[in-house]
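Structure assessment
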Amino acid sequence: MTVLAAGSHALPPALSHGELMLFQRLVEAETGIHLSTAKNALVANRLSRRLRELGLSSFAAYHAYVTSRGNEAEKVRMLDSLCTHETSFFREPRHFELLRDHVLPEWAAQGGRGQRPRSVRVWSAGCSTGEEPYSLAMTLLEAFPRGSGWNVEVVATDLSTWAVQRAEQGLWSQERARTIPTPLLRRYMLKGVRSQEGLMTAGPELRAVMRFGRANLHVPSTWPQGTFDLIFCRNVLIYFGADARARVIQGLLQRLPETGYFFLGHAESLIGITAAARSVSANVYTPRPGPATTSRE
């Protein structure tokens, strides 16, 4: 969470209920994300620094500034500041075990028999600072290494431009490595030396398969083009209002072929939201045949 700048003695202005409602409506209209009234302190803390930098005396004044014509860049900056970036490498490891032990070996066999294209395209929708998509890249490259005749592509997007930039940089504290299996850490990550001591960075094999961009799940025109074999949208939709969540899920399922897989977070489910997908494992779904799916491009 963003806190007051070190050395600053100025207290942030109070965020009234009415001001919180202004930001609730704006954020939900722009992103589909619903800010509950319990987020009052979070919103105040994360926006107060920008108020000081702009010399504004109230959150209502900042809302007016953000929504003024020509201030789209400030609106993006505001949304960046309200995004949550909690993530880790191989988070919810059973999902990666399912890929490693079942899904990818089956696809490899099908590709060898000519029953599917020798390519895998994945979308990490809500990639945060990159730990999830790089974990996917490591998993895929273990099954389909360079020179195997398979094409691997991992598309990583997030609402936050800051997070996407961090993900594309591919640089983390070595403390983040503790959840990466040792063989994968040694094979795909580089250890920083001299000025980079204490850091690690993604190696060239990982970088070769990654694609990054900003996407707003509430606005399908910002989504990456084409279909995907796997879509990871984990721990993202829990922040959406019910109607927005249903629309996004329907759109994401349309980007999967019938053989594709859709991954949600451990606290998420499609129960009561759509009948267009069937459960194949905890929080993992595949599209049902019908108009909600599309053929592979």
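Residues numbered from 1 in each chain as written. Predicted model: local features only at pLDDT ≥ 70, side-chain atom pairs only at ≥ 80, totals over all residues. Heavy atoms only, no water.

Describing unusual backbone geometry
Among all residues except glycine, the phi angle is most often negative; among peptide bonds, the trans geometry is most common. Quick reminder of the rule: Helical segments are the DSSP runs of H or I of at least four residues, strand segments are the runs of E of at least two, and each set is numbered from the N terminus.
At F90, a residue that is not glycine, the phi angle is positive and equals roughly 55 degrees. By the secondary structure assignment, F90 is in the loop between α4 (72–82) and α5 (93–112). Here N235, not a glycine, exhibits a phi torsion of approximately 60 degrees, which is positive.

Some details on the packing of helix α2 (residues 40–54) against α4
Quick reminder of the rule: Only the stretch in contact is used when fitting a helix axis, every axis being a line fitted to C-alpha atoms; angles between N-to-C directions are given from 0 to 180 degrees. Handedness of each helix crossing follows the sense of rotation of the near helix against the far helix: counterclockwise by less than a right angle gives left-handed, clockwise gives right-handed. Note on definitions: a residue-residue contact is assigned when non-hydrogen atoms from the two residues lie within 4.5 Å. When residue character is reported, Ala, Val, Leu, Ile, Met, Phe, Trp, Tyr, Cys and Pro are called nonpolar, Asp, Glu, Lys and Arg charged, and the others, Gly included, polar.
Where α2 contacts α4, the two axes come as close as 9 Å, and the packing angle between them is 145 degrees. Our pair here, α2 against α4, has a crossing hand that is right-handed. On the side of α2, the interface is formed by L42, V43, R46, L47, R50, E53 and L54, while α4 contributes E74, R77, M78, S81 and L82. Class assignment of the residues belonging to the contact of α2 with α4 gives a composition of six nonpolar, one polar and five charged.

Points about the pairing of strand β2 (residues 151–158)
To be explicit about the condition: Note on exposure labels: buried denotes an accessible area under 20% of the residue type's maximum, exposed denotes more than 50%, and partly exposed covers the range between, all computed with a 1.4 Å probe on protein chains only. The pairing criterion is simple: DSSP has to find at least two bridges between the two strands. Handedness of a crossover is defined as follows: with both strands directed away from the viewer, a clockwise route from the first strand across the helix to the second makes it right-handed.
Counting buried residues in β2 gives seven out of eight residues, a clear majority hidden from the surface. In this structure, strand β1 (residues 119–125) lies alongside β2, joined through seven bridges in parallel fashion. Within the sheet, the bridge partner assigned to V120 lies in β2 and is V152. Crossover β1 to β2 through helix α6 (residues 131–143) is right-handed.

With respect to the sheet that holds strand β8 (residues 261–263)
Spatial ordering of the open sheet is given by β6-β2-β1-β7-β8-β10-β9, a layout of seven strands whose pairing is mixed. Each of the sheet's edge strands pairs with one partner strand only, and the pair in question is β6 (210–214) and β9 (277–281). Neighbour-to-neighbour, the strand axes of this sheet turn through a mean angle of 20 degrees, independent of strand direction. Set on the sheet, α5 makes contact with β1, β7 (230–232), β8, β9 and β10 (284–287); between it and β8 the angle comes to about 175 degrees. Lying over the sheet, helix α7 (residues 161–169) contacts β2 and β6, oriented at roughly 165 degrees with respect to β6.

Notes on helix α10 (residues 242–253)
Our working definition: How far a helix is expected to stretch is found by multiplying one less than its residue total by 1.5 Å.
Under the 1.5 Å per step criterion, the end-to-end length of α10 is 17 Å for 12 residues, consistent within 8% with the ideal 16 Å. Among the residues of α10, those classed as buried are A244, V248, I249, G251, L252 and L253. Of the surrounding secondary structure, the elements contacted by the buried residues of α10 are β1, β7, β8, β9 and β10.

Thoughts on the sheet that holds strand β3 (residues 171–173)
Strand pairing in a sheet relies on backbone hydrogen bonds, with the paired strands running either antiparallel or parallel. Here we have three strands laid out as an open sheet, ordered β3-β5-β4, and antiparallel in their pairing. Edge strands, defined here as strands with exactly one partner in the open sheet, are β3 and β4 (189–191). Taken over all neighbouring pairs, the strand axes of this sheet differ in orientation by 30 degrees on average, direction set aside. Here β4 pairs with strand β5 (residues 199–202) via three bridges, running antiparallel. Within the sheet, the bridge partner assigned to L190 lies in β5 and is T201.

Points about the nonpolar core
Our working definition: The definition of a nonpolar core used throughout is a set of buried Ala, Val, Leu, Ile, Met, Phe, Trp, Tyr and Cys residues joined through side-chain atoms within 4.5 Å.
Core analysis: the largest hydrophobic core is formed by 43 residues, its most contacted members being M78, W123, L217, L252 and F262. Contributions of two or more residues to this core are made by α1 (17–31), α2, α3 (59–66), α4, β1 and α10. Excluding residues within four positions of it along the chain, L252 makes contact with W123, L217, W223, I231, C233 and F262. Core analysis: the second largest hydrophobic core is formed by 36 residues, V152, W172, A177 and F263 among them.

Topic: the packing of α1 against α4
We apply this condition: Note on angle classes: values under 35 degrees are labelled roughly parallel, values over 145 roughly antiparallel, values of 65 to 115 roughly perpendicular, and the remainder oblique.
Orientation of α1 relative to α4, taken along the N-to-C sense of each, is 100 degrees, at an axis distance of 12 Å. As far as their axial angle goes, α4 and α1 are roughly perpendicular. Across from F23, L26, V27, E30 and T31 in α1, the residues of α4 making contact are K75, M78, L79 and L82. Considering only residue class, the contact of α1 with α4 consists of six nonpolar, one polar and two charged.

Examining the side chain of K75
Structurally, the position occupied by K75 is in helix α4. A relative accessible area of 10% means that K75 is categorised as buried. Look past the residues within four positions of K75 in its chain and what remains in contact with it is E30 and V66.

Notes on the state of the cysteines
For clarity, the threshold we go by: When the sulfur atoms of two cysteines come within 2.5 Å, that pair is taken as a disulfide.
Counted under the stated rule, the structure contains zero disulfides. Just so you know, C83 is unpaired, no disulfide at all, and the nearest cysteine sulfur is the one on C127, 11 Å from it. Take C83: its relative accessible area is 11%, and that puts it in the buried class. Judged by its relative accessible area of 1%, C127 falls in the buried class.

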